[in-house]
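# Fold and contact review
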Amino acid sequence: MSDPKASGAYVSAAGIPKVPGFDPARAGKRAECDGGGAIAGTRFAGREEFAGTLTGDYVDHGEPPWRWYLLKDLVRRPEGYPGTAVWCLAENLFVDGEPS
Amino acid sequence: MGRNPLHTKLCDMLGIDFPIIAFTHCKDVVAAVVNAGGFAVLGEAMHTGDEIGADIKWIRSRVGDKPFGIDLVLPASAPDADSLETLLSRIPEEHKRFAAYIKEKYNVPDPKGAQALHQWGGLNQDIARKQLEVILDERVPVFVSGLGSPAFMLKAAHERGMKVFGLIGKARQAKREIEAGVDVIIAQGYDAAGHTGPIGTFSIVPEVVALAGDTPVVAAGGVTTGRHLAASICLGAAGVWTGTLWLASRESDNDMIIKEKLVAATADDTVYSKSVSGFAMRVLKCPWTEEWAKPEAPRVLNSPYQMLLSSDYIQAANDHRRADLMFEAAGQGVSFIDSMKPAKQIVNDMVEEALSVFEEITGEPADA
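Moving on, we get to the overall build of chain B. The number of helices and strands found in chain B is 14 helices and 11 strands. Taken over the C-alpha trace, chain B has a radius of gyration of 21 Å; the compact-globule value for 368 residues is 21 Å, and the two agree within 12%. C-alpha extents for chain B along the principal axes are approximately 65 × 45 × 40 Å. Burial status across chain B gives 54% buried among its 368 residues.

Written out as structure tokens, the structure reads:
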């Protein structure tokens, strides 16, 4: 088993272990994300779609690992989306050249 | 008719009499529907782990060993978070002026006391994990993920004897989740209340059924009557997911003003608008949605800015119980809600109507 510290692992303020990693096979690949989440202060959820380029960076949240990939250089994002990058849930990510 | 058309594989899986799933934010509705032979799922997206644990115990005390579900909105994408002050500072003056114009035009009062909708702290991965811990510890019979894929926690849930349902708005999401091993897939169409997928119920359901194999598919979006239930079965669904149907039920804790609005509303009274949250969602029309739909209105902001902008109106409308201002998320099936019936009667009426439809089609008696 690898040393979590050597891999850059850390623990969030909520006590959730997070282990960052890098997937070279996905770095630079175009991908779409069927994203979204809960809307703060409400009981509603919202869907959001993104498309961009995967950096290859990912973070595994907690145990069992819940993997999130970083999508940058967004060519599609919700109108007015404030950022230039988004973390996408691995299973909601559709990567060019990979089976959907 | 050779067999009961309403006895589906969903009934066998859950041990329920009728393939009707109620999605609600009210515990009393959960208990009433489960005890009436249906299935019910409590939406707990913005609740803490402690609150979820207490709700689970309350439901168990009312339904005994009968199964029920808990729904969370697992996020599927997550931007970096900013402070409330930073977010507020980014709202353009033009938009603030337009919100103030609506406030003055409709004499919207200030909210009373603390503004719950202003409390910031949107769901992120950490909060969702804490919620999930409670659900796994409590071995809730069914966990429903209302947005992000639940694939990462399937093994943990199944090891505890739980079932996991995934709610999707696109066929490719359904395929992913079915391959991951979800127990039921809920295909939600555009007719639904709140934030829906872009595809209509009549299109998304058979599309998902075609790729689902043995995994039961549940139809969602506009399902309100027994005729909808029968149609969903004919589309290949093993059951229906219903939300708006319960908002005006006797047990619902919605404000009576909202219940009366729902009873009076037709599909034309709903609007698919981004003006409430920045996400497109279906709600009952109200002055806020109507003003933002006008050509002279500024372009609606994205989430979370539009939500921050609308929260003052929403909180004031609810605090002061202003019937002219209040609204609720509602699907297009709201046309069929014409009275405030007990949940048990809603279940029974839906079943009877669906059976009548099958009798009409087959010319043979159908009996549940």
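There's plenty left to go through after this.
A count of helices and strands for chain A gives zero helices and seven strands. Of the regular secondary structure in chain A, the N- to C-terminal order runs β-β-β-β-β-β-β. For chain A, buried positions account for 37% of its 100 residues.

In this complex, chain B contributes 52 residues to the contact, which on the side of chain A involves 39 residues. Among the elements that line the side of chain B that touches chain A, the one with the most residues is helix H8 (residues 171-180) of chain B, at five residues. Class assignment of the residues belonging to the side of chain B that touches chain A gives a composition of 23 nonpolar, 20 polar and nine charged.

This part covers the packing of helix H2 (residues 27-35) of chain B against helix H14 (residues 343-362) of chain B. Residues and elements named next belong to chain B. With their axes 8 Å apart at the nearest point, H2 and H14 run at an angle of 45° to one another. As summarised for this structure, H2 and H14 are arranged oblique, according to the angle between their axes. Crossing of H2 against H14: the hand is right-handed. For the pair formed by H2 and H14, the contact residues are Val29, Ala32 and Val33 on the first element and Ala343, Lys344 and Val347 on the second. Residues of the contact of H2 with H14, tallied by class, amount to five nonpolar, no polar and one charged.

Turning to the confidence of the model for chain B, a few remarks are in order. The pLDDT averaged across chain B works out to 91; a share of 95% of its residues lies at or above 70. In this model residues 117-122 of chain B is a low-confidence stretch, pLDDT under 50, and it forms 13 contacts with partners more than four residues away in sequence or in other chains.

This brings us to H14 of chain B. Residue and element names in this part refer to chain B. Over its 20 residues, H14 extends 29 Å from the first C-alpha to the last, a length consistent with the 28 Å expected when each residue adds 1.5 Å. Those residues of H14 not exposed but buried are Ala343, Ile346, Val347, Met350, Val351, Ala354, Leu355, Val357 and Phe358. What you see down the axis of H14 is that its buried residues fit within an arc of 160°, all on one side. Exposed and facing more than 90 degrees away from the buried side of H14 are Glu352 and Glu360.

Residue and element names in this part refer to chain B. The strand order around the closed barrel formed by eight strands is E1-E2-E3-E5-E6-E7-E8-E9, and the pairing between neighbours is parallel. Each strand axis lies, on average, 25° off the axis of its neighbour in the sheet, ignoring direction. Taken together, the four bridges between strand E5 (residues 142-145) and strand E6 (residues 163-168) define a ladder with parallel strand orientation. Note on E6: the bridge partner recorded for Ser145 is Gly166.

Residues and elements named next belong to chain B. Covered by surrounding structure in E5 are Val142 and Val144 together with Phe143 and Ser145, the residues of both alternating faces. Both strand E3 (residues 69-72) and E5 contribute to a ladder of four bridges, which runs parallel. Its bridge partner lying in E5, Leu72 is registered against Ser145. In this region the chain leaves E5, passes through helix H7 (residues 154-159) and returns to the parallel neighbour E6; the handedness of that crossover is right-handed.

Moving on, we get to the nonpolar core. Grouped together as the largest cluster of nonpolar side chains are 141 residues, with contacts concentrated most on Ile185, Ala187 and Val218 of chain B. With nine residues, H14 of chain B is the largest single contributor of residues to this core.

Turning our eyes to something else, we now look at the confidence of the model for chain A. All names here are of chain A. Taken as a whole, chain A shows an average pLDDT of 85; of its residues, 89% reach a score of 70 or greater. By mean pLDDT, strand E1 (residues 10-11) is the weakest element of chain A at 80, and strand E7 (residues 93-95) is the strongest at 96. Between residues 1-5, whose pLDDT stays under 50, and residues either more than four places distant or in other chains, the model counts three contacts.

Tracing the backbone through its elements, the reader meets Phe44 of chain A in the loop between strand E3 (30-38) and strand E4 (45-61). By the C-beta count within 10 Å, which is 24 here, Phe44 of chain A ends up buried. Discounting chain neighbours no more than four positions away, the residues touching Phe44 of chain A are Ile39 of chain A together with Gly194, His195, Ser277, Met281 and Ala329 of chain B.

The next point concerns unusual backbone geometry. Where the residue is not glycine, phi is negative for most of them; where a peptide bond is considered, it is trans in most cases. Of note, the bond from Glu63 of chain A into Pro64 of chain A is cis; its omega dihedral lies within 30 degrees of zero at 0°. Structurally, Pro64 of chain A can be placed in the loop between E4 and strand E5 (66-76). With a phi close to 50°, Asn107 of chain B is a non-glycine residue in the positive phi region. As for its position among the elements, Asn107 of chain B is in the loop between helix H5 (93-105) and helix H6 (125-137).

With that out of the way, let us pick up helix H11 (residues 256-264) of chain B. Residues and elements named next belong to chain B. Among all positions of H11, only Ile258, Lys261 and Leu262 are buried. The buried residues of H11 occupy an angular sector of 100° when the element is viewed end-on, so they sit on one face. Where H11 is buried, its residues touch strand E11 (281-284).

All names here are of chain A. With respect to the element layout, Pro20 can be found in strand E2 (residues 17-22). Assessed through the 14 C-beta atoms surrounding it within 10 Å, Pro20 is described here as partly exposed. With residues near it in sequence (within four places) discarded, Pro20 still touches Gly8, Asp57 and Val59.

Residues and elements named next belong to chain B. Segmenting chain B into domains produces domain 1 (9-78 + 121-248 + 342-362) and domain 2 (84-119 + 253-319). The gap between the C-alpha centroids of domain 1 and domain 2 is 28 Å. Every contact between the two is made by 11 residues of domain 1 and, on the other side, 11 residues of domain 2. Of the residues in the side of domain 1 that touches domain 2, the class split is five nonpolar, five polar and one charged.

Conventions used here
- Residues numbered from 1 in each chain as written.
- Chains lettered and ligands numbered in written order.
- Predicted model: local features only at pLDDT ≥ 70, side-chain atom pairs only at ≥ 80, totals over all residues.
- Helix = DSSP H or I, 4+ residues; strand = E, 2+ residues; numbered from the N terminus.
- Rg over C-alpha atoms; globule rule 2.2 N^0.38 Å.
- Buried ≥ 20, exposed ≤ 12 C-beta atoms within 10 Å, placed from the backbone.
- Contact = placed C-beta atoms within 7 Å.
- Nonpolar A, V, L, I, M, F, W, Y, C, P; charged D, E, K, R; others polar.
- Axes fitted to C-alpha atoms, helices over the stretch in contact; angles between N-to-C directions.
- Parallel < 35°, antiparallel > 145°, perpendicular 65-115°, else oblique.
- Left-handed = near helix turned anticlockwise from the far one by under 90°.
- pLDDT = per-residue confidence, 0-100.
- Expected span 1.5 Å × (residues − 1).
- Arc of directions from axis to C-beta.
- Pairing = 2+ DSSP bridges.
- Right-handed = clockwise from strand over helix to strand, strands pointing away.
- Core = buried A, V, L, I, M, F, W, Y, C linked by C-beta atoms within 7 Å.
- Domains from an automatic or database assignment.

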